[in-house]
2 protein chains.
Amino acid sequence: MTVSKQVGKVGSVEAEGMCPYRLVLEHLTSRWGVLVLIELLDRSHRFSELRRAVGQVGRPVSEKMLTQTLQNLERDGLVHRDAKPVIPPRVDYSLTELGREAAEQVRALARWTHTRMPDVEKARLAYDEARELRSRAS
Amino acid sequence: MTVSKQVGKVGSVEAEGMCPYRLVLEHLTSRWGVLVLIELLDRSHRFSELRRAVGQVGRPVSEKMLTQTLQNLERDGLVHRDAKPVIPPRVDYSLTELGREAAEQVRALARWTHTRMPDVEKARLAYDEARELRSRAS
DNA sequence: CGGCATCCGAACTGATACTG
DNA sequence: CAGTATCAGTTCGGATGCCG
């Protein structure tokens, strides 16, 4: 009997007992998924281009995590992987139509965050100050 | 000399060397942050209500993680914490105006994911099938 | 009830080494 | 270049005990 070796499901917990759409949402909102989608919204990227571009905004991505992220997004039909059989290898990643819709939502959220940063920083100062006062009150 | 005990920054990596807005975005898109914001969009919740509600969609949240998530969101000025000095204690969490804006973006993304699930599942079948074929080709 | 502090196993992440 | 495999460090999450 063939063991069937368990296809799909790259990385992350992906446990059972939760709504299926939750898994896709986790891929979209994963640490690197967010940045990858936004990058690809501009244009298609090669693997190492993506790695550099993403590293500009967040911290550097390990190639393993980038691979995992891309495979998840590809499996969900959000990212298209175009591997050209040349030497040295060249692989281009781009958004599918489905992926473009998702990426636009994600970018909207990212932009909102960016424009609202001043308010967030203000809130943080107030929060930290209040905490400071409470700890002072012995 | 007082050690000042390092205020702010609850849980998560929060490392240096990345754009500041990236941190807020990570709070918004964190595993539990997403679900908490969506829940609070309906109405304010008590701590244990949130815990139950979030557990419906995703897997159960540990109280530790929920606490951490809420503290991050509160510090960013997205969630308001109202602790009533009664016995037994009662704490209500609700969205601030800032948080409501964010939560609506997040919910939009979640809804999109939900409506597009059929397409995603179709893509997954195609992906897994293609992978199956490739592995068969010895 | 709504936390906070600690310990500990499990899962995730990343640097390294290796393949095509 | 674009990955895969592996090993070690970090974070996550549950369990437990304590406090207001």
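Please read these numbers as outputs of a predicted model, since none were measured by experiment.

With respect to the UniProt feature "domain: HTH hxlR-type" (unreviewed entry) in chain A
Item 1. In this numbering, the UniProt entry assigns the feature "domain: HTH hxlR-type" (unreviewed entry) to residues 19-121 of chain A.
Item 2. Annotation note: span residues 19-121 of chain A, helix share 68%, strand share 14%, distance between end C-alpha atoms 34 Å.

So, the pattern of salt bridges
Item 1. A full pass over the atoms with the stated rule returns 20 salt bridges over all chains.
Item 2. B:Asp76 is the salt-bridge partner of A:Arg124, the closest N and O atoms lying 2.8 Å from each other. Placement of A:Arg124 in helix H5 (residues 97-136) and of B:Asp76 in the loop between helix H4 (63-75) and strand E2 (79-84) is noted, with the two residues assigned to different chains.
Item 3. For B:Asp76, a relative accessible area of 1% corresponds to the buried category.
Item 4. Between B:Glu26 and B:Arg22 there is a salt bridge whose closest N-O contact spans 3.2 Å. A residue pair is termed a helical-turn pair when its members lie 3 or 4 positions apart in one helix, as B:Glu26 and B:Arg22 do in helix H1 (residues 20-28) at four residues. A single burial state applies to B:Glu26 and to B:Arg22, both of which are buried.
Item 5. The network of salt bridges with shared partners includes A:Asp82, A:Lys84, A:Arg90 and A:Asp92.

Some remarks on the protein's contact with DNA strand D
Item 1. Taken together, 21 residues surround DNA strand D, and among them A:Ser48, A:Arg81, A:Tyr93, B:Ser62 and B:Pro89 come closest.
Item 2. Near the protein, within 4 Å, the atoms of DNA strand D are sugar or phosphate in 66% of cases.
Item 3. Take A:Glu63: an N or O atom from its side chain is 2.6 Å from a base nitrogen of DNA strand D.
Item 4. Within the contact set of DNA strand D, a base nitrogen lies 2.5 Å away from a side-chain nitrogen or oxygen of B:Lys64.
Item 5. Counting only elements with at least two residues in the surface near DNA strand D, the list comes to helix H3 (47-57), helix H4 (63-75) and strand E3 (90-95) of chain A together with helix H2 (31-42) and H4 of chain B.
Item 6. For the surface near DNA strand D, the element with the most residues is H4(A), which contributes four residues.
Item 7. Each residue belonging to the surface near DNA strand D can be placed in one class, and the counts come to 10 nonpolar, five polar and six charged.

Re the relation of the copies chain A and chain B
Item 1. Screw-axis analysis of chain A against chain B gives a translation of 0.0 Å along the axis, an RMSD of 0.1 Å, and a rotation angle of 180°. Here the transformation between the copies is reduced to the relation of a two-fold axis. Among all C-alpha atoms of chain A, that of A:Thr29 lies closest to the rotation axis, at 2.6 Å.
Item 2. Looking at the interface residues of chain A, 100% of them are also at the interface in chain B, so both copies use one shared face.

Examining the packing of helix H2 (residues 31-42) of chain A against H4(A)
Residues and elements named next belong to chain A.
Item 1. Put simply, H2 and H4 touch, their axes get as near as 9 Å, and they point 70° apart. One element, H2, and the other, H4, form an angle in the roughly perpendicular class. Side by side, H2 and H4 meet where Trp32, Gly33, Val36 and Leu37 of the first sit next to Met65, Leu66, Thr69, Leu70 and Leu73 of the second.
Item 2. Tallied by class, residues from the contact of H2 with H4 come to seven nonpolar, two polar and no charged.

Basis of the calculations
Residues numbered from 1 in each chain as written. Chains lettered and ligands numbered in written order. Predicted model: local features only at pLDDT ≥ 70, side-chain atom pairs only at ≥ 80, totals over all residues. Heavy atoms only, no water. UniProt positions renumbered as here; feature names shortened; annotations may be inferred. Helix = DSSP H or I, 4+ residues; strand = E, 2+ residues; numbered from the N terminus. Salt bridge = Lys/Arg side-chain N within 4 Å of Asp/Glu carboxyl O. Buried < 20%, exposed > 50% of the residue type's maximum accessible area, 1.4 Å probe, protein only. Near = heavy atom within 4 Å. Polar contact = N/O pair within 3.5 Å; in protein donor to acceptor, adjacent residues only side chain to side chain. Nonpolar A, V, L, I, M, F, W, Y, C, P; charged D, E, K, R; others polar. Least-squares fit on C-alpha atoms with pLDDT ≥ 70 in both. Contact = heavy atoms within 4.5 Å. Axes fitted to C-alpha atoms, helices over the stretch in contact; angles between N-to-C directions. Parallel < 35°, antiparallel > 145°, perpendicular 65-115°, else oblique.

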